[in-house]
Structure formats: C-alpha cells, structure tokens
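# Structural overview for review
Here's the letter readout for the chains.
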Amino acid sequence: MSATVNPPVVFTQDELGWVSWIDPLPEAELTERHFAGLVDRARAKSDYFRLLVRDPEVLEARTKTDKDIFYNVADGLPRAERELAAAATSRYNGCIYCASVHARFASTYSKRRDDVQRLLDEGVGADLGERWNAVVKASVALAATPIAFGPDNIAELRRAGLDDAEIVDVINGASFFNWANRLMLSLGEPSK
Amino acid sequence: MSTQDIIDTLAGIEPGSALDAIRARRLQARENAQKSYLSLFEPVDASDVSLVERAAVAAFVTGLHGESPVAAFYREKLAANADAAALVEAIQAEIARGKTSGPYGAFPAGPLSIENKAGLIYRVSAERKPVLGARLVAAFEHAHLLVFRPRDAASTDMKALLDAGWSNTGIVTFSQLVAFLSFQLRVVSGLRTLAAANA
C-alpha cells in the first residue's frame, strides 16, 4: 500500500485520500453489527470507516456524536464557525487530512475561502477578524495539553457576540476534533 | 440511560441548570458521547482489550493532562479492579515522568518543517516494565504520542503495538479510547469553565 502514497507537505483545501497503516475489515466480512456501526451503509466503501468498524459500537456512537455537533443547525452557532473550530483544531494539532476536509466546509458555508486559506497558510495566529479570531483562539486553547481554555476565552467569545449555547457549540466542535485528529493522524496517512 | 451521564457528572452540571438546557439541544451528541463512554468501558466484547487495560490507559491518559475531576474518576475506576494497587502506583509514577506540554512534533519534510517543535519522546522506565507488562508498556508509549505529539505518528508505531501483542481490532479500540478521552476531557473542561464564568 505504501508504494502508492504521495503525502501532502502543506495544508490544503484540495481533496485528499487517506491510506490505512493496518488492515481495514474486508467488505465481504461485514455483518449487520458492522453496518449498524457504519451508520451510513455507503461508508463500507471507505478504508477509514472499515478500519474503525473493527469496533462497531464505538464507531456508531462516535459518528452520531459527530453528526449532531456539526450538522444540527436548528439553533446555535452557524455551521461555518463549527467547521472553523474543526479546521483550526486540526491546523494546530497538525492533521493535514482533517484540516483539508473542514477548511473546505468552512469555505463553503462562510464564502470566505481566502480567510480560511490564510488560517492554513499562516497558522492559527492569522488575523481573521474579531469573531473568527475568538473561535480560533478558543479552539487552540482547548487543543493544548494541559488544556489552556479559560475565562479569557469565554469573555472573548462573548465580546465577539456568541451566547452560551454558541460557546458550547465551539467547545463541542473543537473538542470533537481532538478525537478525530488523533485517529486520522495515527492509523494512516493522507495521500494526494 | 442505564447510568448517569458521565460528562454531566464530571462537569458538575445539575438537572434543570442553564447548561443542562443547552446540552439538551444537542441530545443526540449528549446521548452518544455517553454511549461512546459505555462502549469503551462496558464493551460487549472485551476480548481484544481487557477491562483492566482500558482503565489503566484511561488513568494514564487523563493523568497526563494534569490533576482534574476526570483524572480522579479514572484513577478510582482503575483502583476498583482487584489487585490494581501496584498498577495504580506505577501509573502515578509514569504520569509524573511523562507530563509535558503539547502539541509538538514534526510535520512532513517541506515548508512546514519550520513549525517542527521538539519535545519529550516518552518511554516507560525500565523499573516499571515488569508491573505493566509488554502490552501496557507499548500502549503507554503510544498513548503518550497520541496525547502530546499526534503528528509524529508513523506506520512503525503500529508495528510496535502489533509486536507487543495488540491485534488490529485491539489497536482500533485502544486508539478510540485515547482519542475519546481527549474529547471528553476538553468538553468537561470547557463546560466547567463556562459554568464558572456564569457563577
């Protein structure tokens, strides 16, 4: 498998592939327990999800957590800024694959592709305006170990106009990518 | 729900509070963060990763983040296992040796190399290897990488786990465990910070 890998060396909004370092389950071996874990049957075509489906119960719960944090936009933070939190977290932790996916989503939903690209090019210190800066800074503080998120982050998010429900969406979105980044970075690698 | 919501418990969120109402707006996320916890710590199949191994990794990972209600919770969870006293003591000593600040590590060679940041490459101390055993030694060294320098991960790290007796499925569960705890610690910390800002 590794012979075909062409790893990207910069952060990008281009579509990337991902190659597993250990064996995904073969499609032919998937049972109903595995399909329940995949949530979307179409994910059986993805190496990444057929790898994670080795533990179907965890994958199912993880996937449903992910979907609600990012796709439930009945109220709360706009989708674009949830994706910004995901992209900023991925940029800071160093997950080129995750950053590519969520930078694309942030661009699509915000129509601010150039600002998103500056986050990727310049890093989490890029000046993206008060509101986006506050979201990026909060995401970075949450990603640090030990966790550096504090009352200053809350105050900054509030000054930027976020209410408590929206701040919880930032916390959830950024925290979730500390989960996602660690799987993507450690079980395989991106390929152009 | 068979048990109390673990994030609410660790974050000190009371029923009927403002944050309880906010969390209720993301009910699927709340319920499935709970199901993630249950499927990792009360799994239907523990044949690839034992319950003691799960508790040991959780105590180590949460301890590496610094003392907190989450770290105390998982330390007590491990201590509740029979004959775990030596393990708890060894893990406390290894946490002290492994504590540092992240994320650090190297990017793929190229324009990002100027952002490379050196840091501790943690290895379990020789004196504690017999108490932990080969599987946990490999798991702790990889967990430390996942916590502090995930961008350093390489295919050779998978080989180290396989060589120590971890199966492919066990590696997936173990990786999910460390990654999930990275999430849970941050949600709890974030919610506690928000609650304190409103107090």
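This write-up is about the structure you can find in this document. In this text, all values refer to a predicted model and were calculated from it rather than measured experimentally. (Residues numbered from 1 in each chain as written. Chains lettered and ligands numbered in written order. Predicted model: local features only at pLDDT ≥ 70, side-chain atom pairs only at ≥ 80, totals over all residues.)

### Describing the packing of helix 4 (residues 51–64) of chain B against helix 9 (residues 168–198) of chain B
Residue and element names in this part refer to chain B. The condition that has to hold: Lines fitted to C-alpha atoms define the axes, with helix axes restricted to the stretch in contact, and inter-axis angles between N-to-C directions lie between 0 and 180 degrees. Each helix is a run of H or I in the DSSP string that is no shorter than four residues. Each strand is a run of E no shorter than two, and both are numbered from the N terminus. For classification purposes, an angle smaller than 35 degrees is called roughly parallel, one larger than 145 roughly antiparallel, one from 65 to 115 roughly perpendicular, and anything else oblique. In a left-handed crossing the near helix is turned counterclockwise from the far helix by less than a right angle, and in a right-handed crossing that turn is clockwise. By definition, residues are in contact whenever their C-beta atoms, placed on the basis of the backbone, come within 7 Å of each other. Polar here means any residue other than Ala, Val, Leu, Ile, Met, Phe, Trp, Tyr, Cys and Pro, which are nonpolar, and Asp, Glu, Lys and Arg, which are charged; Gly is therefore polar.
At a minimum axis distance of 10 Å, the contact between helix 4 and helix 9 shows a crossing angle of 40°. Here helix 4 is positioned oblique relative to helix 9, judged by the angle of their axes. As for how helix 4 packs across helix 9, the hand of that crossing is right-handed. Here Arg 54, Val 57, Ala 58, Val 61 and Thr 62 of helix 4 come into contact with helix 9, specifically with Phe 174, Leu 177, Val 178, Leu 181 and Leu 185. Here the residues of the contact of helix 4 with helix 9 sort into eight nonpolar, one polar and one charged.

### Side note on helix 6 (residues 113–122) of chain A
Residues and elements named next belong to chain A. For the record, the criterion: Any residue surrounded by 20 or more other C-beta atoms within 10 Å of its C-beta is treated as buried, while 12 or fewer makes it exposed and the intermediate range makes it partly exposed; C-beta atoms here are placed from the backbone. By definition, the arc is the one covered by directions from the helix axis to the C-beta atoms.
For helix 6, the full list of buried residues reads Val 116, Leu 119 and Leu 120. Across the axial projection of helix 6, the buried residues extend over an arc of 95°, all falling on one side. Opposite the packed face of helix 6, turned more than 90 degrees from it, sit the exposed residues Asp 114 and Glu 122. In this structure, the buried residues of helix 6 make contact with helix 4 (79–93), helix 5 (96–110) and helix 7 (130–143).

### Re the nonpolar core
Residues and elements named next belong to chain B. Test applied: Nonpolar cores are built from buried Ala, Val, Leu, Ile, Met, Phe, Trp, Tyr and Cys residues. These are joined into a set through C-beta atoms within 7 Å.
Judged by nonpolar contacts, the single largest core of 114 residues is most densely connected at Val 57, Phe 60 and Val 178. The dominant element in this core, judged by the number of residues it contributes, is helix 9, at 14 residues. Contact partners of Phe 60, with chain neighbours within four places excluded, come to Ile 91, Glu 94, Ile 95, Phe 140 and Ala 143.

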